Amino acid sequence: TVTQGMIGSGVAGTGPAFSAYQSSGQVIGASVATKIQFQTEVFDTAAAFDSTTNYRFTPLVAGYYQATGGIYFGAGAQGNQLYIYKNGSNYLNNAYITANGTTMTGLVYLNGSTDYLELWCYLVSGSTLSGTSNNTYFQATMVRGA
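Residues numbered from 1 in each chain as written. Predicted model: local features only at pLDDT ≥ 70, side-chain atom pairs only at ≥ 80, totals over all residues. Heavy atoms only, no water.

### Some points on unusual backbone geometry
Negative phi values dominate among residues other than glycine, just as trans dominates among peptide bonds.
Move 1: Although it is not a glycine, Ser31 sits at a positive phi angle of roughly 60 degrees.
Move 2: Take Ser31: it is sitting in the loop between strand E2 (27-28) and strand E3 (34-35).
Move 3: Judged by its relative accessible area of 43%, Ser31 falls in the partly exposed class.
Move 4: For Tyr55, which is not glycine, the phi dihedral falls at a positive 50 degrees.
Move 5: Relative to the assigned elements, Tyr55 resides in the loop between strand E4 (40-44) and strand E5 (63-72).
Move 6: Judged by relative accessible area, which is 13%, Tyr55 ranks as buried. (Helix = DSSP H or I, 4+ residues; strand = E, 2+ residues; numbered from the N terminus. Buried < 20%, exposed > 50% of the residue type's maximum accessible area, 1.4 Å probe, protein only.)

### Considering the nonpolar core
Move 1: Ranked by size, the top nonpolar core spans 25 residues in total, and within it Ile36, Phe57 and Leu117 carry the most contacts.
Move 2: The set of elements that each furnish at least two residues to this core consists of strand E1 (17-21), E5, strand E6 (80-86), strand E8 (101-110), strand E9 (117-123) and strand E11 (137-145).
Move 3: No other element matches the four residues that E9 contributes to this core.
Move 4: Excluding residues within four positions of it along the chain, Phe57 makes contact with Pro16, Phe18, Ala48, Phe49, Tyr65, Leu110, Asp115, Tyr116, Leu117 and Ala140. (Core = buried A, V, L, I, M, F, W, Y, C linked by side-chain atoms within 4.5 Å. Contact = heavy atoms within 4.5 Å.)

### Thoughts on the pattern of salt bridges
Move 1: Taken as a whole, this structure holds three salt bridges when the rule is applied.
Move 2: Its salt-bridge partner being Glu118, residue Lys35 comes within 3.0 Å of it at the nearest N-O pair. Of the two residues, Lys35 is situated in strand E3 and Glu118 in strand E9; the sequence distance between them amounts to 83 residues.
Move 3: A salt bridge links Glu118 to Arg56, with the shortest nitrogen-to-oxygen separation between them at 3.1 Å. Of this pair, Glu118 sits in strand E9 while Arg56 sits in the loop between E4 and E5, and the two are 62 residues apart along the sequence.
Move 4: When salt bridges that share partners are traced, they join Lys35, Arg56 and Glu118 into one network. (Salt bridge = Lys/Arg side-chain N within 4 Å of Asp/Glu carboxyl O.)

### Observations concerning the sheet that holds E5
By definition, the strands of a sheet pair up through backbone hydrogen bonds, in either a parallel or an antiparallel sense.
Move 1: Taken in spatial order, the five strands of this open sheet run E4-E1-E11-E5-E8, and their pairing is antiparallel. Looking at strand neighbours, the two that pair on one side only are E4 and E8, the edges of this open sheet. Sheet twist, expressed as the average angle between the axes of neighbouring strands with direction ignored, equals 15 degrees.
Move 2: Bridging between E5 and E11 involves eight bridges; their strand directions are antiparallel. When the sheet's bridge partners are listed, Gly69 is paired in E11 with Phe138. (Pairing = 2+ DSSP bridges. Axes fitted to C-alpha atoms, helices over the stretch in contact; angles between N-to-C directions.)

### Examining the packing of aromatic side chains
Move 1: Evaluated as defined, the whole model comprises nine aromatic pairs.
Move 2: Taken together, a centroid distance of 5.7 Å and an interplanar angle of 75 degrees make the contact between Phe57 and Tyr65 edge-to-face. Each member of the pair, Phe57 together with Tyr65, is buried.
Move 3: Relative to Tyr85, the ring of Tyr83 has its centre 6.1 Å away and its plane inclined at 80 degrees; by these criteria the two rings are edge-to-face.
Move 4: Taken together through their ring pairs, the aromatic side chains of Phe18, Phe38, Phe49, Phe57, Tyr65 and Phe138 make up a single cluster.
Move 5: Positioned over the ring face of Tyr116 is Arg56, at 3.7 Å from the centre of the ring. (Phe/Tyr/Trp six-rings, centres within 6.5 Å; stacked < 30°, edge-to-face > 60°. Lys NZ or Arg CZ within 6 Å of the ring centre and 35° of its normal.)

Listed below in structure tokens is the structure:
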């Protein structure tokens, strides 16, 4: 049985969270994994997302984070895959699909000092990402402290 006392301890409540989107379309080359650049922050509760240089989330609080991303390409895009990178390496990815867009989400532990997350994609034919808040976005929130 879960009690209110159990819910209160270890819950992230005021932990780091951000939401960012791509405000100008980014050209993605054919058949190469590419880091997505998210230039506009909707919110960033702990100044943990870099929207100008590295386009990554580096929270300074250790814990478990739910990360979500979405991409959309214009007509003519052929097949894509989305990746959540942790510390520069593929940590999670969705299945390769043939649609013009995809989303993915995953739970990841971050150490609160050096760990960071980025969103990458792969596109078979090369195209331009949609630069709008509801199509190409990256978000994360702390769901439980370490």
